[in-house]
Amino acid sequence: MKIFPTLVGMHVVIGAVAGAYLNHKAATPTALPLSAHRGRASVDQSCDAHKAELTQAMDEAEVLLSITKYHLSDANLLKQYFGNYGNATPNPVETIKQMSLYDASYASSGQPRESCSDPLSSCEKGVIAYSAMDQSVVAFCDNFWNYVGLDEVCNTVEADEGWVKAGIIIHELSHQIADTSDICYGMSCVLDLAANNASAAINNADNYHFFSLAAYALNTTGDANCTATEIPQQEA
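Residues numbered from 1 in each chain as written. Predicted model: local features only at pLDDT ≥ 70, side-chain atom pairs only at ≥ 80, totals over all residues. Heavy atoms only, no water.

Colleague: Could you give me a rundown of the overall build of the chain, with the residues and numbers involved?
Modeller: Secondary structure summary: the chain contains eight helices and four strands in total. Reading the chain from its N end, one meets helices and strands in the order β-α-α-α-β-β-β-α-α-α-α-α. Across the 236 residues in the chain, those meeting the buried criterion constitute 50%. Accessible surface, the chain as shown: approximately 11300 Å² in total, 50% of it carbon and sulfur. (Helix = DSSP H or I, 4+ residues; strand = E, 2+ residues; numbered from the N terminus. Buried < 20%, exposed > 50% of the residue type's maximum accessible area, 1.4 Å probe, protein only. Areas by Shrake-Rupley, 256 points an atom, 1.4 Å probe, with all protein chains shown as cover.)

Listed below in structure tokens is the structure:
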């Protein structure tokens, strides 16, 4: 979700950070070395109660970004999630290349700061996270902590629905970098936009969210369209 509380929003331009791209059949992501966290943006003290969870979510988002960037050369996957966008803007490939969770290559305005204090009082029922564009803040609402980790992609219904913390962070980064909108949410609408309205697809934050999860699924299982397998109940 993107929120402009004032008429003039501050747009943050994020520079790309080279990452170690993971190969096909990569292992389940684990926490990055603590030294990797030093370049991250400052986190508001309001997140102290969720510090471990947020660190893990940010670690997984960095892994997800590395894998997503690795698969930017996959023309079929790009078409599935963004359609035939041609020279339209924002260019999804360039937008994803600019995504990063580190300060080093950010513009002088700095990286979006993470907050759990709901600075715009927008964490009403159903809101998971939002970008406060005039404050360069990505705010996490209470609902965010109920979402799942990357290791559940392809393995749970929650992940099939996109309820993955790292994917939500990608969603919010697209707001901060490319001023994307929230045209619609969910896989069904994402794929419909890509098939029928590429201009809308490249401007919809959830298309970036689900593209990244598809890239992760492709990288770890070989199937970008994998879903959780329902376990049959045993007869009594």
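Colleague: Describe the environment of L101, and please don't skip the residues or the numbers.
Modeller: Tracing the backbone through its elements, the reader meets L101 in the loop between α3 (92-98) and β2 (113-115). Given a relative accessible area of 1%, L101 falls into the buried group.

Colleague: Quick rundown of the packing of helix α6 (residues 187-196) against helix α8 (residues 205-221)? Include the residues and the values.
Modeller: Between two packed helices, the angle of one axis relative to the other and the distance separating the axes together describe the packing. The contact between α6 and α8 brings their axes to 9 Å, and the two run at 105°. The orientation of α6 with respect to α8, classified from their angle, is roughly perpendicular. Only D206, N207 and F210 of α8 make contact with α6, whose side of the interface consists of M187, V190, L193 and A194. Taken together, the residues of the contact of α6 with α8 sort by class into five nonpolar, one polar and one charged. (Axes fitted to C-alpha atoms, helices over the stretch in contact; angles between N-to-C directions. Parallel < 35°, antiparallel > 145°, perpendicular 65-115°, else oblique. Contact = heavy atoms within 4.5 Å. Nonpolar A, V, L, I, M, F, W, Y, C, P; charged D, E, K, R; others polar.)

Colleague: Outline the confidence of the model for the chain, supporting the account with residue identities and numerical values.
Modeller: Fine structural detail should not be taken from predicted coordinates in areas where pLDDT scores are low. Confidence along the chain averages 79 in pLDDT terms, with 75% of residues attaining 70 or more. This model gives residues 4-38 a pLDDT under 50, and the stretch forms 75 contacts once residues within four places in sequence are excluded. Confidence drops under pLDDT 50 across residues 103-110; counting only partners more than four residues distant or on other chains, this segment forms 17 contacts. (pLDDT = per-residue confidence, 0-100.)

Colleague: So what's going on with the nonpolar core? Residues and values would help.
Modeller: Residues F140, L150 and I169 are the most contacted members of the largest nonpolar core, which totals 54 residues. Of all elements in the fold, only α1 (51-70), α2 (75-82), α3, β4 (137-140), α5 (165-178) and α8 reach the threshold of two or more residues within this core. The greatest single-element share of this core, amounting to nine residues, is contributed by α8. If you look at the next biggest cluster of nonpolar residues, it comprises seven residues, including L120, V127, Y130 and V137. (Core = buried A, V, L, I, M, F, W, Y, C linked by side-chain atoms within 4.5 Å.)

Colleague: Can you explain the state of the cysteines? Please cite residues and give values.
Modeller: With the rule as written, the count across this model stands at four disulfides. The disulfide bridge from C154 ends at C226, spanning 1.6 Å between sulfur atoms. Residue C154 is located in the loop between β4 and α4 (157-160), and its partner C226 is located in the segment after α8; the two are separated by 72 residues in the primary sequence. The two residues C154 and C226 agree in class, both being buried. Each bonded cysteine of the chain gets a number by its place in the sequence, and the pairs then read 1-2, 3-4, 5-8, 6-7. (Disulfide = S-S within 2.5 Å.)

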